[in-house]
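Understanding the architecture of this molecule
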Amino acid sequence: MARNATYPSDPRIHVTAQHLLQLGDRSTGLSLLPKQPARSILNGRHSSRLRGRGLNFEELRNYLPGDDIRTIDWKVTARTGAPHVRVYTEERDRPVLLLVDQRVSMFFGTKEFMKSVVAAEAAAIAAHRVLAQGDRVGGIVFGDTGLAEHRPQRRAAALMRFLTSVGAMNCNLNADLRFETSVTLNEVLKQAARIAHTNALVCVFSDFDGVDQNSESLFRRLSHANDLILFNISDPSAHTVPTEARLTVSDGEQQIEIDGSTPDLAKRIREAMEDRLAQLSKWSLRYGFPIVPLTTAEPALGQLLKLFGHGGGPR
């Protein structure tokens with residue numbers, strides 16, 4: 001049975017739209033604009049800087065003293081015999097697409113929070129900041145059995161609809177979910193590529209379960225014409241499984257018990273997670289998009305503030 005989306009039992013396990021809405025007032029220091037604090041993860045050696053809004057062609061006019069010679073249109077100048085320049089203005093806003101993974105693989109956590117909660121909160125914080133900086137916010141919220149698509153808009157109502165979808169899908173997650181078919185990450189990436197044609201910012205909040213070789217072409221396509229940021233959500237158990245741990249893991253169809261005292265179990269889990277991260281890191285370097293690491297051991301807001309160069313987190 002789906003959990004009541006209005007009254008979740010614990011905000012570390014499920015979050016409502018109202019909870020996600022309240023994160024806006026606490027995240028005012030964050031920005032997804034090109035200009036980043038010196039300590040921001042987006043200023044790293046291997047991280048691409050955000051390109052920001054594009055330019056719209058405004059007019060073609062005669063060259064005036066002081067104009068940048070790089071704006072001269074040499075074809076028109078040669079045709080008319082007089083120097084002409086092309087004038088551009090910055091776009092008023094840019095579309096931002098937030099892809100939020102709420103599949104059953106995200107309903108897992110051995111520390112403070114579920115991965116699904118960290119993804120929901122991080123995406124909500126990004127949505128608040130996008131709208132505050134004057135850009136259009138939208139996204140695709142996806143679970144195993146369906147998704148909700150929100151085309152980017154610069155309206156408070158659009159933000160609320162997006163947060164409502166995130167909260168509803170998050171609160172419907174439970175360990176007893178069963179399904180015959182599943183929405184794959186690649187399907188969502190394909191849909192995002194159809195929406196984000198050029199000069200958009202695309203952020204993916206996921207544990208990237210199901211990523212494969214077909215994912216590479218989709219990441220390449222998205223990052224070629226847009227800014228792409230991957231927010232990789234992981235659990236500490238991917239690195240160390242306590243020997244006393246008894247974990248229940250489900251793929252939505254089958255369920256198994258994991259005994260932390262089983263020989264080589266921790267090694268196999270760690271290697272699987274490391275292989276997935278290595279694949280993402282290879283594509284990150286190849287196509288120039290950054291990966292932002294998030295963990296279930298800390299609140300999403302505090303992590304984002306630190307990663308984006310704002311000291312020790314919220315006061």
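Structure's up top.
All of the points below concern the structure found in this document. (Residues numbered from 1 in each chain as written. Predicted model: local features only at pLDDT ≥ 70, side-chain atom pairs only at ≥ 80, totals over all residues. Heavy atoms only, no water.)

1. Here's the deal with the pairing of strand 3 (residues 95-101)
The condition that has to hold: Relative accessibility decides the category of a residue: with a 1.4 Å probe and only protein chains considered, values under 20% of the type maximum give buried, values over 50% give exposed, and everything between is partly exposed. Secondary structure elements are defined from DSSP: runs of H or I of at least 4 residues count as helices, runs of E of at least 2 residues count as strands, and each element is numbered from the N terminus. At least two bridges found by DSSP between two strands is the condition for calling them paired. Think of it like this: strands point away, you trace from the first strand over the helix to the second, and a clockwise trace means the crossover is right-handed.
Of all 7 residues in strand 3, 7 are buried; the element is thus mostly enclosed. Judged by which residues are buried, strand 3 turns out to be covered on both faces: Pro95, Leu97, Leu99 and Asp101 on one side and Val96, Leu98 and Val100 on the other are all buried. The pairing of strand 3 with strand 4 (residues 136-142) spans 7 bridges and is classified as parallel. Directly across from Leu99, in strand 4, lies its bridge partner Ile140. Between the parallel pair strand 3 and strand 4, the chain is carried across by helix 3 (residues 115-132), and the sense of this crossover is right-handed. Where strand 3 lies against strand 6 (residues 201-206), 5 bridges are found, and the strand directions are parallel.

2. Overview of the sheet that holds strand 4
Whenever strands of a sheet pair, they do so through backbone hydrogen bonds, lying parallel or antiparallel. As a reminder, the rule being used: Here the axes come from fitting lines to C-alpha atoms, over the contacting stretch only for helices, and the angles between their N-to-C directions go from 0 to 180 degrees.
Strands sit in the order 5-4-3-6-7-10 across an open sheet of 6 strands; the sheet is mixed. Looking along the sheet, the strands with just one partner apiece sit at the ends: strand 5 (147-153) and strand 10 (291-295). Averaged over all neighbouring strand pairs, the angle between strand axes comes to 15°, with direction disregarded.

3. With respect to the packing of aromatic side chains
Going by this rule: For Phe, Tyr and Trp, rings pair up if their centres lie within 6.5 Å, where Trp contributes its six-membered ring, and each pair is then called stacked (planes under 30 degrees apart), edge-to-face (over 60) or tilted (otherwise).
Across all of its chains, the model carries 4 aromatic pairs by this definition. For the ring pair Phe205 and Phe231, a centre distance of 4.4 Å and an interplane angle of 15° mean the geometry is stacked. Of this pair, Phe205 sits in strand 6 while Phe231 sits in strand 7 (residues 227-234), and the two are 26 residues apart along the sequence. For Phe231, a relative accessible area of 2% gives the class buried. One aromatic cluster in this structure is built from Phe208, Phe219, Trp283 and Phe289.

4. With respect to the environment of Val202
Where we set the bar: Only heavy atoms matter for contacts: two residues are in contact if any of them lie within 4.5 Å across the pair.
Following the sequence through the fold, Val202 ends up in strand 6. Residue Val202 is classed as buried on the basis of its relative accessible area of 0%. As a C-alpha pair, Val202 and Asp227 span 25 residues in sequence and 6.1 Å in three-dimensional space. Ignoring sequence-local partners within four residues, the contact set of Val202 consists of Leu97, Leu99, Ala196, Leu222, Asn226, Asp227, Leu228 and Ile229.

5. Remarks on the pattern of salt bridges
Using the following cut-off: Any Lys or Arg side-chain nitrogen found within 4 Å of a carboxyl oxygen on Asp or Glu counts as a salt bridge.
Enumeration over the complete set of coordinates arrives at 14 salt bridges. Here Asp67 and Arg61 are joined by a salt bridge, their closest N and O atoms 2.8 Å apart. A residue is classified by how much of its surface remains accessible, and Arg61, at 24% relative accessible area, is partly exposed. Shared partners join several salt bridges into a network, and the residues in it are Asp10, Arg12 and Glu112.

6. Topic: the packing of helix 3 against helix 8 (residues 300-307)
Going by this rule: In this scheme, roughly parallel covers angles under 35 degrees and roughly antiparallel covers those over 145, while 65 to 115 is roughly perpendicular and the rest are oblique. A clockwise turn of the near helix away from the far one marks a right-handed crossing, whereas an anticlockwise turn of less than a right angle marks a left-handed crossing. Charged residues are taken to be Asp, Glu, Lys and Arg, nonpolar residues to be Ala, Val, Leu, Ile, Met, Phe, Trp, Tyr, Cys and Pro, and polar residues to be all remaining types, Gly included.
Put simply, helix 3 and helix 8 touch, their axes get as near as 9 Å, and they point 55° apart. Put simply, helix 3 runs oblique to helix 8. Handedness of the crossing formed by helix 3 with helix 8: right-handed. When helix 3 is examined against helix 8, the residues Val118, Glu121, Ala122 and Ile125 are found in contact with a partner set consisting of Ala300, Leu301, Gln303 and Leu304. Counted by class, the contact of helix 3 with helix 8 contains 6 nonpolar, 1 polar and 1 charged residues.

7. Thoughts on the nonpolar core
So the rule is basically this: What is meant by a nonpolar core is a set of buried Ala, Val, Leu, Ile, Met, Phe, Trp, Tyr and Cys residues, joined one to another through side-chain atoms within 4.5 Å.
Ranked by internal contacts, the top residues of the largest apolar core, which has 47 residues, are Leu98, Phe205, Phe231, Leu294 and Phe308. Of all the secondary-structure elements, those providing two or more residues to this core are strand 3, helix 3, strand 4, helix 4 (156-171), strand 6, strand 7, strand 10 and helix 8. Among the elements that take part in this core, helix 3 stands out by supplying 11 residues, more than any other. When near neighbours in sequence (up to four residues on either side) are disregarded, Phe308 contacts Leu30, Ser31, Leu32, Gln36, Pro37, Ser40, Ile41, Leu42, Phe231 and Val292. One finds Leu99, Ile140, Ala192 and Val202 within the second-largest nonpolar core, a separate group that totals 26 residues.

8. Notes on the environment of Pro95
The residue Pro95 is located in strand 3 in this model. Setting aside residues up to four positions removed in sequence, Pro95 forms contacts with Arg136, Pro152, Asn199, Ala200 and Leu201.

9. Concerning the pairing of strand 10
The element strand 10 is extensively covered by neighbouring structure, given that 4 of its 5 residues are classed as buried. Bridge count between strand 7 and strand 10: 5 bridges; the pairing is parallel. Its bridge partner lying in strand 10, Ile233 is registered against Leu294.

10. Some points on unusual backbone geometry
Even without being glycine, Asn199 reaches a positive phi, approximately 55°. Secondary-structure assignment places Asn199 in the loop between helix 5 (185-195) and strand 6. Accessibility expressed as a relative area gives 17% for Asn199, which makes it buried. Residues other than glycine seldom take positive phi values, yet Phe208 does so here, at roughly 60°.

In short, geometric facts, not functional conclusions.
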